[in-house]
Protein chains: 2
Amino acid sequence: MIKESSRLREYIRRIQRRLGLVDENGKSCCGITLSQCHSLVEIGRAGAISLVDLATEMGLDKSTLSRTVENLVQKGYAIRETDARNRRYVVIKLTEEGNSLFKGIEKGMDDYFDKIYQLIPEGKRAQVLESMQLMLEAVTKFECCQ
Amino acid sequence: MIKESSRLREYIRRIQRRLGLVDENGKSCCGITLSQCHSLVEIGRAGAISLVDLATEMGLDKSTLSRTVENLVQKGYAIRETDARNRRYVVIKLTEEGNSLFKGIEKGMDDYFDKIYQLIPEGKRAQVLESMQLMLEAVTKFECCQ
DNA sequence: ATAAAACAGTTGCAATATGCAATTAATATT
DNA sequence: AATATTAATTGCATATTGCAACTGTTTTAT
């Protein structure tokens, strides 16, 4: 007999793998790498963000993000300005072009999740949604209280 | 009003991020890299596997896996033998030491998911489990039928 | 007020990961 | 028997990542 928590683990493992593939596919259409894509989306969501905040948000070293942002700037998708109120900070934003790329990525992901959602039996959708929320709460609780 | 599929997307996004952190922590205690850890677990689960099968299973190029396996061999966690029945193949297996590392990783992950499962309200656990299964079915269906 | 500490960001360095293409060796096909 | 296919390895190029050192800016402490 298999433990229920093991079943949970296995489901999540497989879902993660599938979603990883989606991520990979998304990459190829952007003309940017996956890391750059992730950074771009974070910047787009934030609107404007400093380097350390971006690094913290993404769980990566600031040096890594410094370079990734540099790449996005090179490609014309982002700009860096020094923060007038505190000149240690840079304010990272998307350019027009970066913003439309961001919107495109967001739309692509939304479309994907629309389709996924439709593939869940209609009578089960609300339950799945609630369950994902419960799942998120569980993993979040674990983080802070372990 | 936020679309339900967008809520789904956001939940999954955050869960993924949390689980990624777990993965990262798991890494540091192993003395091996995350990629090596993933490969080791795949080999451990398979018992014995060829390089191409491993690469296919993990969705990576066989050259990448060739090197990762080489690293695991170097560290004494895996062995490569040529398959007697078809000498083009190598049979990749874990050594004693690799196997106990594998078991340790599996145990760590199982313990983690046990705790997560306990953090889900008792009356909701069965529902969450069923929902994860439905979610997996949905993303799998999308893959094959899109 | 000035010296020291803390902080944000960048850059040099090293390790790892990854895919493609070419190569080698073994097996299957014609 | 010759050719094609397949499994694995290796050379090459690129990307990712973190740590540590360094610069410039702001905050804190004396």
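Use the structure listed above.
This section reports on the structure supplied with the text. Remember, predicted model here, so these are calculated numbers, not experimental data. (Residues numbered from 1 in each chain as written. Chains lettered and ligands numbered in written order. Predicted model: local features only at pLDDT ≥ 70, side-chain atom pairs only at ≥ 80, totals over all residues. Heavy atoms only, no water.)

**What about the side chain of Q36(B)?**
Residues and elements named next belong to chain B.
Working step 1: Mapped onto the elements of the fold, Q36 is located in helix α2 (residues 34–46).
Working step 2: Accessibility expressed as a relative area gives 7% for Q36, which makes it buried.
Working step 3: With sequence-adjacent residues up to four places away left out, Q36 is seen in contact with T68, N71, L72 and K75. (Helix = DSSP H or I, 4+ residues; strand = E, 2+ residues; numbered from the N terminus. Buried < 20%, exposed > 50% of the residue type's maximum accessible area, 1.4 Å probe, protein only. Contact = heavy atoms within 4.5 Å.)

**Observations concerning the protein's contact with DNA strand D**
Working step 1: In the vicinity of DNA strand D lie 21 residues, with T33(A), D61(A), S63(A), V52(B) and R67(B) positioned nearest.
Working step 2: Across the atoms of DNA strand D situated within 4 Å of the protein, the share located in sugar and phosphate is 67%.
Working step 3: With respect to DNA strand D, the side chain of S35(A) contributes an N or O atom lying 3.3 Å from a phosphate oxygen.
Working step 4: Residue assignment for the surface near DNA strand D shows that the elements contributing at least two residues are α4 (62–74) of chain A together with α3 (51–58) and α4 (62–74) of chain B.
Working step 5: Of the residues forming the surface near DNA strand D, the biggest block, four residues, is contributed by α4(B).
Working step 6: Of the residues in the surface near DNA strand D, the class split is five nonpolar, eight polar and eight charged. (Near = heavy atom within 4 Å. Polar contact = N/O pair within 3.5 Å; in protein donor to acceptor, adjacent residues only side chain to side chain. Nonpolar A, V, L, I, M, F, W, Y, C, P; charged D, E, K, R; others polar.)

**Considerations on the interface of chain A and chain B**
For interface size, the figure often reported is the accessible area lost on association.
Working step 1: Contact residues are listed per partner, giving 51 residues for chain A and 51 residues for chain B.
Working step 2: Taken together, the links from chain A to chain B amount to 16 salt bridges.
Working step 3: Between D114(A) and K3(B) there is a salt bridge whose closest N-O contact spans 3.3 Å.
Working step 4: Of all the elements in the fold, those that place two or more residues in the side of chain A that touches chain B are α1 (4–30), α2 (34–46), α5 (96–119) and α6 (125–145) of chain A.
Working step 5: Residue composition of the side of chain A that touches chain B, by class: 24 nonpolar, seven polar and 20 charged. (Salt bridge = Lys/Arg side-chain N within 4 Å of Asp/Glu carboxyl O.)

**Examining the packing of α2(B) against α3(B)**
Residue and element names in this part refer to chain B.
Working step 1: Across the interface, α2 lies against α3 with an axial gap of 11 Å and an inter-helix angle of 115°. Helix-helix and strand crossings are classified by hand; for α2 and α3 the assignment is right-handed. Across the interface between the two elements, H38, S39, E42 and I43 of α2 pack against L54, E57 and M58 of α3.
Working step 2: Residues belonging to the contact of α2 with α3 are distributed by class as follows: three nonpolar, two polar and two charged. (Axes fitted to C-alpha atoms, helices over the stretch in contact; angles between N-to-C directions. Left-handed = near helix turned anticlockwise from the far one by under 90°.)

In short, geometric facts, not functional conclusions.
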